[in-house]
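Here are the chains, one letter per residue:
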Amino acid sequence: MWWVLAVVAVAALLTAYLGWTAHRVERVHVRAQSAERALDAHLMRRAAAAAVVAEHGDHVELYAAARLALDAAPGDRESAENDLTRQLNAVTLTETDPAGRTLTATSRRVILARQVHTDTVRDALTARRRPLVRALRLARRYPRPQYFDIEDPALPTTVVPAPTAPPVPLETV
């Protein structure tokens with residue numbers, strides 16, 4: 001009689017562990033998909049901000065790269081974003097330009113979103129490589145997450161204009 005209880009207890013523990021593992025695989029894949037969507041949104045915002053800066057500064061190459069990044073197909077997206085990054089590295093912005101400040105802020109967000117995306121993809125691939133997950137094919141419902149391999153976007157260089165304070169008369173000094 002005791003061996004029946006032991007078998008039931010082991011089966012219950014094994015079922016609980018398998019359920020926990022399946023739920024973990026699902027959560028990590030959902031997080032990877034969310035990070036991919038967030039990275040895509042930040043890249044689109046950066047390309048739009050770059051297009052605005054290019055229009056204000058009359059940078060034809062930057063505008064073309066921004067339009068290509070906005071209109072790129074999923075297979076060509078990495079090369080378009082790399083081209084946009086190279087064009088952004090050649091642009092000098094002024095601190096007083098609101099479009100330049102927006103571009104700098106979106107570039108910072110792209111850097112952070114790419115780090116988060118890389119970390120979640122690494123976690124999802126690690127979960128997929130576990131022997132139990134592979135043996136029971138627990139990750140078969142989810143597409144294999146892919147790294148988004150782009151150059152780290154450097155923040156655009158900014159030029160701080162010299163302060164334009166009115167001249168102070170010598171008598172007041």
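Keep in mind that this is a model prediction, so the values were computed, not measured. (Residues numbered from 1 in each chain as written. Predicted model: local features only at pLDDT ≥ 70, side-chain atom pairs only at ≥ 80, totals over all residues. Heavy atoms only, no water.)

Asks: Describe the environment of Val 52, listing the residues and the values that go with them.
Replies: Mapped onto the secondary structure, Val 52 falls in helix α1 (residues 2-57). Put simply, Val 52 and Leu 103 are 51 residues apart on the chain and 8.9 Å apart in space, counted from C-alpha to C-alpha. (Helix = DSSP H or I, 4+ residues; strand = E, 2+ residues; numbered from the N terminus.)

Asks: An account of the side chain of Glu 81 is requested, with residue identities and associated values reported.
Replies: Tracing the backbone shows Glu 81 in helix α3 (residues 77-89). Glu 81 gets classed as buried once you look at its relative accessible area, which sits at 0%. Here the side chain of Glu 81 touches Arg 46 through a polar contact of 2.8 Å, side chain to side chain. In contact with Glu 81, other than residues within four places in its own chain, are Leu 43, Arg 46, Ala 69, Phe 148 and Ile 150. (Buried < 20%, exposed > 50% of the residue type's maximum accessible area, 1.4 Å probe, protein only. Polar contact = N/O pair within 3.5 Å; in protein donor to acceptor, adjacent residues only side chain to side chain. Contact = heavy atoms within 4.5 Å.)

Asks: I'd like a description of the packing of helix α2 (residues 60-71) against α3, backed by residues and values.
Replies: The N-to-C vectors of α2 and α3 enclose an angle of 155°; their axes lie 8 Å apart at closest approach. Viewed along their axes, α2 and α3 adopt a mutual orientation that is roughly antiparallel. As α2 packs across α3, the resulting crossing turns out to be left-handed. In contact with Glu 61, Leu 62, Ala 65, Ala 66, Leu 68 and Ala 69 of α2, α3 contributes Arg 77, Ala 80, Glu 81, Asp 83, Leu 84, Gln 87 and Leu 88. Among the residues making up the contact of α2 with α3, the classes are represented as 8 nonpolar, 1 polar and 4 charged. (Axes fitted to C-alpha atoms, helices over the stretch in contact; angles between N-to-C directions. Parallel < 35°, antiparallel > 145°, perpendicular 65-115°, else oblique. Left-handed = near helix turned anticlockwise from the far one by under 90°. Nonpolar A, V, L, I, M, F, W, Y, C, P; charged D, E, K, R; others polar.)

Asks: A description of the pattern of salt bridges should follow, citing residues and the corresponding values.
Replies: Enumeration according to the criterion identifies 7 salt bridges in this entry. Note that Arg 77 is salt-bridged to Asp 40, the shortest N-O span being 2.3 Å. Here Arg 77 is found in helix α3, whereas its partner Asp 40 is found in helix α1, with 37 residues between them in sequence. Overall, the relative accessible area of 33% leaves Asp 40 in the partly exposed class. The closest approach of N and O atoms between Asp 71 and Arg 67, which form a salt bridge, is 3.2 Å. One end of the pair is Asp 71 and the other is Arg 67, both in helix α2 and 4 residues apart, which spans about a single turn. (Salt bridge = Lys/Arg side-chain N within 4 Å of Asp/Glu carboxyl O.)

Asks: With reference to specific residues and values, describe the packing of α1 against helix α4 (residues 98-129).
Replies: Closest axis-to-axis distance for the α1/α4 pair is 8 Å, and the angle between their directions is 160°. The angle between α1 and α4 places the two elements in the roughly antiparallel class. You can see that α1 and α4 cross each other, and the crossing is left-handed. Its residues placed into classes, the contact of α1 with α4 shows 17 nonpolar, 9 polar and 8 charged.

Asks: Mind laying out the nonpolar core, listing which residues take part and the relevant values?
Replies: In summary, soluble globular proteins display a tendency toward joint burial of nonpolar side chains. Counting 17 residues, the largest nonpolar core has Ala 50, Val 53, Leu 62, Leu 84, Leu 88 and Leu 103 as the members making the most contacts within it. Listing elements by their share of this core, those giving two or more residues are α1, α2, α3 and α4. Ranked by residues supplied to this core, first place goes to α1 with 6 residues. Aside from chain neighbours lying at most four places away, what touches Leu 84 is Arg 46, Ala 47, Ala 50, Leu 62, Ala 65, Ala 66 and Ala 69. With 8 residues, the next largest nonpolar core counts Val 25, Val 28, Ala 127 and Ala 139 among its residues. (Core = buried A, V, L, I, M, F, W, Y, C linked by side-chain atoms within 4.5 Å.)

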